[in-house]
Amino acid sequence: MNYSTLKKSVALSLVALTGVASLAVAQDAPATSSAVKVFGGRGQYRTWSIGVHGGVLMPVVAIGGSNDFNKWDANLGYGLNIRKQLGHSFGLELNGTRGKLSGNNDGITSSVKEFETQLQYAVDLRGVVNLGSIDFLRRENSVGFFLTAGAGMMAYAPKVTTTSGVIDWKGKAIGPADDRHDAKDYVKGFYIPVGAGVKFKVSERVNFNLGYTMNFVDADNVDGIYAKGESKDKFSYGYAGLEFSLGSSAKPSLEWTNPLATMYDELKDPTLRQEVEALKNRVSAVEKSVEDLKKDTDGDGVADQFDKCPGTPAGTAVDGSGCPLPKPAPVETATSNVTGFEKIAFDFNSSVLKTESYPTLDKLSSVLRENGGKVTVNGYASSEGTAAYNLKLSKDRANSVKTYLVNSGVNASQVATKGNGEANPIASNDTEEGRIQNRRVETARN
């Protein structure tokens, strides 16, 4: 099989894989485990897996490049892998592969006829990126694509057949003089694996994997031949394998879990919904209580919850409990016995009329307006202060009475005023009770 045949085979394989993947997309399904929570950590998932794989080893890669032999063989390869899934989309995988690489120069003139290299081991640590693990269209997939890349060490022993005989690198000192290799066992070298593949979910525990890995070796002796110029050997591995998820069956596998579905399930969790409903009910009860507090059916200004006398007629004065206030008893006045000539009392050092003197003044005004006649208003003072000051204060008290009468409609000519000062006391000025009685105005007919 030559290189052009390889490219055709790889292209057909990729088309076939794409077709299988499109036909095997899982339908919507319930979440694997309702116990999984958003931001709950890796401990709630199965994250370890172990796998076996077998396939075809070839001393060429799909992207082409130069080779020391014009024809290559497809040989059996096999290996093991252990994976730790670190997140929904990324994991670390320790991978080991064994097998054989071979090729020849049939059809061309060359001193080197063929080679055969035993691959004792190729062990690498690679990162695995799961594509499409976060899916907005379906809860869970049963088909997934992945990319891999990493670095590793390999041990190999080339055997080259030339026109001069067979050269076996194992246990031989061979190579250019400036790069002689003393190989007591296997040649060891560094390589970088880069690959892609597709996986199918067979069950909750088992995956079926198809993949292709290109391995770029940091050496030019994998086929036992040193090419002229600077070149590196490479080989590829197309494989199929089974991968087994490890851990408790009560936990879902992290690589197949869709975090969007987990988030949706957590939001739809019955317990959470019950808590939300209970909170809504409590809020509704509080709102109703507030409305009840504001409700005042009879409009008396007291809420119904505190109204002890509901249905109070509009406009009724009520107390704090919503009950009508008692009607005040009618004020009984003794105006019928007032003659208008009673004494009018004043406060200390004041000529301002007291409200209790209004009935007397109103009666006197009525008498003067209806019957005519004239009166003299005599003002008096107690003995506090000087005689001159008390005389003036007595005149002011008499004038206050005249002003009230005139303002009520009495003709000013009907009222004469006189200030008497401390004269004519009606009680002793030695006591406060007597001085209160002496602060007065007396009205007399002319």
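Residues numbered from 1 in each chain as written. Predicted model: local features only at pLDDT ≥ 70, side-chain atom pairs only at ≥ 80, totals over all residues. Heavy atoms only, no water.

Novice: Would you mind showing me how to read the overall build of the protein here?
Specialist: Across its full length, the protein holds six helices and 16 strands. For the protein, the residues scored as buried account for 39% of the 446 residues in total. Expressed as a percentage of contacts within the protein between residues at least 6 apart in sequence, the contacts between residues at least 24 apart total 69%. Entry remark: accessible area of the protein is about 24,700 Å², with carbon and sulfur atoms responsible for 58%. (Helix = DSSP H or I, 4+ residues; strand = E, 2+ residues; numbered from the N terminus. Buried < 20%, exposed > 50% of the residue type's maximum accessible area, 1.4 Å probe, protein only. Contact = heavy atoms within 4.5 Å. Areas by Shrake-Rupley, 256 points an atom, 1.4 Å probe, with all protein chains shown as cover.)

Novice: What's the story with the pairing of strand E1 (residues 48-58) in this structure? I'm lost.
Specialist: Successive residues of a regular strand alternate their side chains across the two faces of the sheet. Bridge count between E1 and strand E3 (residues 75-85): 10 bridges; the pairing is antiparallel. Paired with serine 49 across the strands is arginine 83, a residue of E3. (Pairing = 2+ DSSP bridges.)

Novice: Sorry, what's going on with unusual backbone geometry here?
Specialist: Positive phi outside glycine occurs at phenylalanine 39, with the angle close to 60°. Turning to its location among the elements, phenylalanine 39 is positioned in the loop between helix H1 (3-23) and E1. Taking relative accessible area as the criterion, phenylalanine 39 reaches 84% and is therefore assigned exposed. In the Ramachandran plot, asparagine 349 falls in the positive-phi region, its phi being about 55° despite a non-glycine side chain. Its location among the elements puts asparagine 349 in the loop between strand E13 (344-345) and helix H4 (358-371). Assessed through its relative accessible area of 40%, asparagine 349 is described here as partly exposed.

Novice: What should I look at first to understand the packing of aromatic side chains in this one?
Specialist: Any two aromatic rings considered together are summarised by their centre-to-centre distance and by the angle between their planes. Summed over the entire model, instances satisfying the criterion amount to six aromatic pairs. Consider the rings of tryptophan 169 and tyrosine 226, whose centres lie 5.9 Å apart with planes at 35°: the pair is tilted. Of the two residues, tryptophan 169 is situated in the loop between strand E7 (165-168) and strand E8 (173-174) and tyrosine 226 in the loop between strand E11 (206-217) and strand E12 (234-246); the sequence distance between them amounts to 57 residues. For tryptophan 169, a relative accessible area of 1% puts it in the buried group. Seen from their ring centres, tyrosine 191 and phenylalanine 235 are 6.5 Å apart, and the 45° between their planes marks the pair as tilted. Separated by 44 residues along the polypeptide, tyrosine 191 in strand E10 (residues 187-201) and phenylalanine 235 in strand E12 bring together distant segments of the chain. With respect to burial, tyrosine 191 and phenylalanine 235 carry one shared label: buried. In this structure, lysine 199 is placed above the aromatic ring of tryptophan 256, and the distance from its NZ or CZ to the ring centre is 5.1 Å. Above the plane of the ring of tyrosine 380 lies arginine 440, whose end atom (NZ or CZ) is 3.9 Å from the centre. (Phe/Tyr/Trp six-rings, centres within 6.5 Å; stacked < 30°, edge-to-face > 60°. Lys NZ or Arg CZ within 6 Å of the ring centre and 35° of its normal.)

Novice: What is the right way to read the side chain of threonine 262 from this model?
Specialist: With respect to the helices, strands and loops of the structure, threonine 262 is situated in helix H2 (residues 259-267). Apart from the residues within four sequence positions on either side, threonine 262 is in contact with Val36, Lys37, Val38, Tyr45 and Thr257.

Novice: Would you mind going over the pairing of E7 with me for this structure?
Specialist: Relative to E7, strand E6 (residues 143-162) runs antiparallel, the two sharing four bridges. Bridge pairing links valine 160 to isoleucine 167 in E7. What sits between E6 and E7 in their antiparallel hairpin is a turn of two residues.

Novice: Can you help me understand the environment of serine 236 in this one?
Specialist: Along the chain, the position of serine 236 falls in strand E12. Assessed through its relative accessible area of 0%, serine 236 is described here as buried. Residues serine 236 and leucine 101, 135 residues apart in the sequence, show an inter-C-alpha distance of 9.6 Å. The residues touching serine 236, leaving out its near neighbours within four places in the chain, are Val56, Leu57, Met58, Val60, Val61, Tyr212, Thr213, Met214 and Asn215. Of the polar contacts made by the side chain of serine 236, one reaches the side chain of tyrosine 212; its length is 3.4 Å. (Polar contact = N/O pair within 3.5 Å; in protein donor to acceptor, adjacent residues only side chain to side chain.)

From the geometry alone we can't say anything about function, so treat these as descriptive.
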